[in-house]
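Here are the chains, one letter per residue:
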2 protein chains.
Amino acid sequence: MEKQPVLQFVGVLHGDITRREDAPKNYTESERIGSLEIFPEYAEALDGIVAGQTIVVLFWLHQAARDVLKVHPRGDHSRPLRGVFATRSPFRPNPVGISELKVLAMHGSRLEVSGVDILDGTPVIDIKKKTD
Amino acid sequence: MEKQPVLQFVGVLHGDITRREDAPKNYTESERIGSLEIFPEYAEALDGIVAGQTIVVLFWLHQAARDVLKVHPRGDHSRPLRGVFATRSPFRPNPVGISELKVLAMHGSRLEVSGVDILDGTPVIDIKKKTD
């Protein structure tokens, strides 16, 4: 088994959140609109996604520290430190973020989505159908 | 930005599914029990996880092909090919699997869990709190 696999970025998020302090804590708290630009070599993998559906999008949170194992939940220093695996902090050994986004429209390999809680320019690593 | 980040395995799943054809199609269809062994250097990140809660676990599906962009959903060849991003196939450019597992018990850095739909020996790359 390959012990340290390498991720391939399949696209990038375009949105209006440019500072970490402006990002909602979670997609469940966001109604922001943005777009997922999927790179041409992966466009075929979008076949079957339709406007109106909710998709699960995995992002590589490229600005997050990877060497932090405990955080104050939601950045609130009045709360005791917790292990990052017990939270949804972006700080974690492999900073993969999961958002459930609603597809508003598809324009070729660009998906207009709502529910964005992620910084503009964040790489996309995967998209999945939401479980039934 | 690091263009091709390298994943670090933080643990491994132990379970009784040893053949891909025996794996449930989804965690929502499984009541199987297994355990997550988190490696000692990441054990601190578990602090705050308690028995009874549901956690989101990200796996690296190390046996999945990464160069497949279209599949027959659920491996059913009577169904038309779809883009992998419109499915939950393990085949995808970055084969990250997401399961929601219930924590039955914690023994140090080993978590006994139910809902396992993943092959024995699959590497763990992340654990998150489920969104409220």
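The structure contained in this document is the topic of the report that follows. (Residues numbered from 1 in each chain as written. Chains lettered and ligands numbered in written order. Predicted model: local features only at pLDDT ≥ 70, side-chain atom pairs only at ≥ 80, totals over all residues. Heavy atoms only, no water.)

Next up on the list: the interface of chain A and chain B. Contacts between the two partners involve 52 residues from chain A and, on the opposite side, 52 residues from chain B. For the pairing of chain A and chain B, the buried interface totals around 4,800 Å² over both sides, and the portion due to carbon and sulfur atoms is 60%. The interface formed by chain A and chain B contains four salt bridges. When the shortest N-O distance is used, the salt bridge between Asp126 of chain B and Arg92 of chain A registers 2.6 Å. Across the chain A-chain B interface, the total number found is 30 residue pairs in polar contact (both at pLDDT 80 or more). (Contact = heavy atoms within 4.5 Å. Buried area = accessible area lost by both parts, 1.4 Å probe. Salt bridge = Lys/Arg side-chain N within 4 Å of Asp/Glu carboxyl O. Polar contact = N/O pair within 3.5 Å; in protein donor to acceptor, adjacent residues only side chain to side chain.)

The next subject is the sheet that holds strand β2 (residues 33–38) of chain B. Residues and elements named next belong to chain B. Around the barrel, which closes on itself, the six strands sit in the order β1-β2-β7-β6-β3-β8 with antiparallel pairing between neighbours. Between one strand axis and the next, the sheet turns by 45° as a mean value, whatever way the strands run. Strand direction decides the pairing type here: strand β1 (residues 11–14) and β2, joined by four bridges, are antiparallel. By the bridge assignment for β2, Val12 is matched with Glu37. (Pairing = 2+ DSSP bridges. Helix = DSSP H or I, 4+ residues; strand = E, 2+ residues; numbered from the N terminus. Axes fitted to C-alpha atoms, helices over the stretch in contact; angles between N-to-C directions.)

A few words now on the environment of Gly121 of chain A. In this structure, Gly121 of chain A sits in the loop between β7 (110–114) and β8 (123–129). Between the C-alpha atoms of Gly121 of chain A and Leu36 of chain A, which are 85 residues apart in sequence, the distance is 9.8 Å.

Of the two same-sequence chains, chain A is brought onto chain B (RMSD 0.0 Å, axial shift 0.0 Å) by a rotation of 180°. These values place the two chain copies in the arrangement generated by a two-fold rotation axis. Proximity to the rotation axis, assessed at the C-alpha, singles out Val6 of chain A in chain A; its C-alpha lies 2.3 Å from the axis. When the interface residues of chain A are mapped onto chain B, 100% of them again lie at the interface, so the same face is used by both copies. (Least-squares fit on C-alpha atoms with pLDDT ≥ 70 in both.)

Moving on, we come to the side chain of Arg92 of chain A. With respect to the element layout, Arg92 of chain A can be found in the loop between β5 (82–83) and β6 (96–107). Exposure remark for Arg92 of chain A: the relative accessible area of 0% places this residue in the buried category. If near-sequence neighbours (up to four positions away) are discounted, Arg92 of chain A is found in contact with Ala65, Arg66, Val68, Val84, Phe85 and Thr87 of chain A together with Asp126, Ile127 and Lys128 of chain B. (Buried < 20%, exposed > 50% of the residue type's maximum accessible area, 1.4 Å probe, protein only.)

Walk down a regular strand and you will see the side chains alternate between the two sheet faces. Residues and elements named next belong to chain A. Taken together, the seven bridges between strand β3 (residues 54–60) and β6 define a ladder with antiparallel strand orientation. The partner of Phe59 across the bridge, within β6, is Gly97. Here five bridges tie β6 to β7, and the two strands are oriented antiparallel to one another. Looking at β7, one finds that Val103 is bridged to Val113. Between the antiparallel neighbours β6 and β7 lie two residues, among them Gly108 with a positive phi of about 60°.

Turning our eyes to something else, we now look at the sheet that holds strand β1 (residues 11–14) of chain A. Residue and element names in this part refer to chain A. If you walk around this closed barrel you meet the six strands as β1-β2-β7-β6-β3-β8, and the pairing is antiparallel. The sheet shows a mean angle of 45° between the axes of neighbouring strands, direction not considered. In terms of strand pairing, strand β2 (residues 33–38) meets β7 through five bridges, oriented antiparallel. Each bridged residue has a counterpart across the sheet, and for Gly34 the counterpart in β7 is Val113.

For the rest of this paragraph, the subject is unusual backbone geometry. Residue and element names in this part refer to chain A. A positive phi is found at Arg74, a non-glycine position, where the angle reads about 55°. Along the chain, the position of Arg74 falls in the loop between β4 (70–71) and β5. Looking at Arg74, the relative accessible area reads 47%, which means it is partly exposed.

Our focus in this paragraph is the pairing of β3 of chain A. Residue and element names in this part refer to chain A. In terms of burial, β3 is a largely internal element, six of the seven residues being buried. Bridge count between β3 and β8: five bridges; the pairing is antiparallel. By the bridge assignment, Leu58 is partnered in β8 with Asp126.

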